[in-house]
Amino acid sequence: MFGSMRAWTRRHSRIVDTLAISPLALLCVSTVEAFSRTSGMMNARHVGVPVLLLLSAALVVPLLWRRNHPREVFAVVSVVSFAQWLLNIAVLPANLAVLVAMYGVAARCTRRWALAAGVVAEGGLLLAMLSWSPDPMRAWPSASVFVVAVWIGGMYANTRRRYVESLVERAERAERERDQQARIAAAAERARIARELHDVVAHNVSVMVVQADGAAYAIDSDPEQARRAMQAISGTGRQALAEMRRLVGVLRQDAGSPAEEYAPQPGVAQLDELVRQVRDSGLPTEFTVSGTPRALPEGEQLAVYRIVQEALTNAIKHGGPGTRARVEMTYGPGLIELRVSDDGRGAAAPRVVGGHGLIGMRERAAMYGGSVEAAPRSGGGFQVVARIPAGMAA
């Protein structure tokens, strides 16, 4: 409710300001005749009702603009009051406009302007007391208490307003940071899915291409071998489709579509099947496991699987004819070491610009506090060494 009221006052500020000064305007109109009869007392000039109405209007009407122009309004009201003092016209109810304008400066301007407005108001009060009070030295301190109270109220309102503005700014900044974090998370998820798609497509398509070339070569001389190659192509294609469906399913779930059941993500247990597929594709591969196997989180198992898969895919694509590969998985104390090596072309293999393979391997290992080293071997071939702390959560 209070928020709605504040919003309404911001939209209709002129109406609110008019209603705020209307009591002062009514007081000036209702007492103008009485002040006209007593205006000649206390050594002041006697003036009629029209002059007092004009003077009151000159003091009160500028207050309508005090919200947007507090300093200018205070200056106008102060100048009119000073001219009133010079003309020796006694204090009127409309002179309360000086306090209203001073409050506006204290509530909406800097401390320097607020202090200047307070000094001017106090100076005007002293001039009025010296001119029309029978005992100015006693009356001025008493009246100053009222002026200082209004000034302090304006300073408090200024402090309160700045505090609220800082809270609003902080909330808006937090909301912007939240949206930015959401965008960063979405970008990271897209990058993760891109790496997954790269691993799935690059490996399985490479295997299928090699199998297809082998089938085309053996279709006339060895139909049985060609048939086995075509069966391997079929199995590899089905596996690629299943994994791609799983990734697309993640995207559909993010978009709010009903969740569907897909095959679980591959892990350490599927490394034997992966190596078998690589052998069937024409790359002789040896797989050894040393150390005491231990249970690993699913995410870490996926990272191990993808690193081996990417390393073998690179061996198929860049190793050249007659290449042999070796996969060594070692369970050490608190550490898993993967060593995937081949005896192919190594440094002589063409570099692929813009690939995701090595970057993806390093990111997967780094996500679990590990590292990946990939470089040509000194004796020929290429080697990938990944070290991942065992059993660490992401």
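Look up: the structure comes first, before these words.
From a predicted model like this one, the values you see are computed outputs, not experimental measurements.

Participant: How would you explain the packing of helix 5 (residues 97-108) against helix 6 (residues 111-132) if you had to name every residue and give the values?
Facilitator: For the pair helix 5 and helix 6, the least separation of the axes is 8 Å and the interaxial angle reads 165°. Between helix 5 and helix 6, the interaxial angle falls into the category roughly antiparallel. Where helix 5 crosses over helix 6, the handedness of that crossing is left-handed. Across from Val98, Met102, Val105 and Ala106 in helix 5, the residues of helix 6 making contact are Trp113, Ala114, Ala117, Gly118 and Ala121.

Participant: Lay out the nonpolar core in plain terms, naming residues and giving numbers.
Facilitator: By size, the foremost hydrophobic cluster in this structure holds 33 residues, and its most contacted members are Leu271, Ile307, Val308, Leu312, Met329 and Leu338. When contributions to this core are tallied by element, the ones reaching two or more residues are helix 9 (271-280), helix 10 (298-318), strand 2 (325-332), strand 3 (335-342), helix 11 (357-367) and strand 5 (382-389). For this core, the leading source of residues is helix 10, giving nine residues. Non-local contacts of leucine 338, meaning those with residues more than four positions away in its chain, are made with Val304, Ile307, Val308, Glu328, Met329, Val384, Val385 and Ala386.

Participant: Quick one: what's the story with helix 9, residue by residue and with numbers?
Facilitator: For helix 9, the full list of buried residues reads Leu271, Leu274, Val275, Gln277 and Val278. The buried residues of helix 9 occupy one face: seen down the axis, they fall within an arc of 155°.

Participant: Before we move on, can you summarise unusual backbone geometry with the specific residues and values?
Facilitator: Even without being glycine, asparagine 88 reaches a positive phi, approximately 60°. Position of asparagine 88 relative to the elements: it lies in the loop between helix 4 (70-86) and helix 5. Take asparagine 88: its relative accessible area is 26%, and that puts it in the partly exposed class.

Participant: Report on the packing of aromatic side chains, specifying residues and quantitative values.
Facilitator: Counting across every chain of the model gives one aromatic pair. Measuring from ring centre to ring centre gives 5.7 Å for phenylalanine 82 and tryptophan 85, while their planes differ by 25°; the resulting arrangement is stacked. Here phenylalanine 82 and its partner tryptophan 85 are both found in helix 4, three residues apart, which amounts to about one turn of the helix. Residue class for phenylalanine 82 comes out partly exposed when judged on its relative accessible area of 42%. One cation-aromatic arrangement involves arginine 71 over tryptophan 113; the distance from NZ or CZ to the ring centre is 4.8 Å.

Participant: Could you give an account of the sheet that holds strand 5, with specific residues and numbers?
Facilitator: Spatial strand order, 1-2-3-5-4: five strands in an open sheet with mixed pairing. Of all strands in the sheet, those with a lone pairing partner are strand 1 (285-291) and strand 4 (371-376), marking the two edges. In this sheet, neighbouring strand axes are inclined to one another by 10° on average, regardless of whether the strands run parallel or antiparallel. For strand 3 and strand 5, the ladder comprises eight bridges, and the chain directions are antiparallel. Its bridge partner lying in strand 5, aspartate 342 is registered against phenylalanine 382. Contacts from helix 9 reach strand 1 and strand 2, with the element oriented near 160° to strand 1. With respect to the sheet, helix 10 is in contact with strand 1, strand 2, strand 3, strand 4 and strand 5, its orientation differing from that of strand 3 by roughly 15°.

Participant: Quick rundown of the pairing of strand 4? Include the residues and the values.
Facilitator: Consecutive side chains of a regular strand alternate in pointing toward one face of the sheet and then the other. Pairing geometry for strand 4 and strand 5, over six bridges, is antiparallel. Paired with alanine 374 across the bridge in strand 5 is valine 384.

Participant: Give me the packing of helix 9 against helix 10: which residues, what numbers.
Facilitator: Between helix 9 and helix 10, the least distance of the axes is 11 Å, while the angle of their chain directions is 10°. Between helix 9 and helix 10, the interaxial angle falls into the category roughly parallel. Along its contact with helix 9, which presents Leu271, Leu274 and Val278, the element helix 10 presents Val304, Tyr305, Val308, Gln309, Leu312 and Ile316. A breakdown of the residues in the contact of helix 9 with helix 10 according to their chemical character gives eight nonpolar, one polar and no charged.

Participant: Report on the environment of glycine 370, specifying residues and quantitative values.
Facilitator: Note that glycine 370 resides in the loop between helix 11 and strand 4. Considering only alpha carbons, one finds glycine 370 and alanine 386, 16 residues apart in sequence, at a separation of 7.3 Å. When near neighbours in sequence (up to four residues on either side) are disregarded, glycine 370 contacts Ala365, Arg387, Ile388 and Pro389.

Participant: Summarise the environment of arginine 66; cite the residues concerned and give the values.
Facilitator: Residue position: arginine 66 is located in the loop between helix 3 (49-60) and helix 4. Given a relative accessible area of 15%, arginine 66 falls into the buried group. The residues touching arginine 66, leaving out its near neighbours within four places in the chain, are Asp17, Ala20, Ile21, Val73, Val100 and Arg108. Of note is the side chain of arginine 66, whose polar atom sits 2.9 Å from the backbone oxygen of leucine 63.

Participant: Go over the pattern of salt bridges with me, naming the residues and quoting the values.
Facilitator: Summed over all chains, the structure comprises 10 salt bridges. The partner of arginine 326 in a salt bridge is glutamate 328, and the shortest N-O contact between them spans 3.5 Å. A residue is classified by how much of its surface remains accessible, and arginine 326, at 29% relative accessible area, is partly exposed. You can call glutamate 328 partly exposed: its relative accessible area is 25%. The salt bridge partner of glutamate 337 is arginine 387, with a shortest N-O separation of 3.1 Å. Residue glutamate 337 is found in strand 3, and its partner arginine 387 is found in strand 5; the two are separated by 50 residues along the sequence. What makes arginine 387 partly exposed here is its relative accessible area of 27%.

The rules behind these values
- Residues numbered from 1 in each chain as written.
- Predicted model: local features only at pLDDT ≥ 70, side-chain atom pairs only at ≥ 80, totals over all residues.
- Heavy atoms only, no water.
- Axes fitted to C-alpha atoms, helices over the stretch in contact; angles between N-to-C directions.
- Helix = DSSP H or I, 4+ residues; strand = E, 2+ residues; numbered from the N terminus.
- Parallel < 35°, antiparallel > 145°, perpendicular 65-115°, else oblique.
- Left-handed = near helix turned anticlockwise from the far one by under 90°.
- Contact = heavy atoms within 4.5 Å.
- Core = buried A, V, L, I, M, F, W, Y, C linked by side-chain atoms within 4.5 Å.
- Buried < 20%, exposed > 50% of the residue type's maximum accessible area, 1.4 Å probe, protein only.
- Arc of directions from axis to C-beta.
- Phe/Tyr/Trp six-rings, centres within 6.5 Å; stacked < 30°, edge-to-face > 60°.
- Lys NZ or Arg CZ within 6 Å of the ring centre and 35° of its normal.
- Pairing = 2+ DSSP bridges.
- Nonpolar A, V, L, I, M, F, W, Y, C, P; charged D, E, K, R; others polar.
- Polar contact = N/O pair within 3.5 Å; in protein donor to acceptor, adjacent residues only side chain to side chain.
- Salt bridge = Lys/Arg side-chain N within 4 Å of Asp/Glu carboxyl O.

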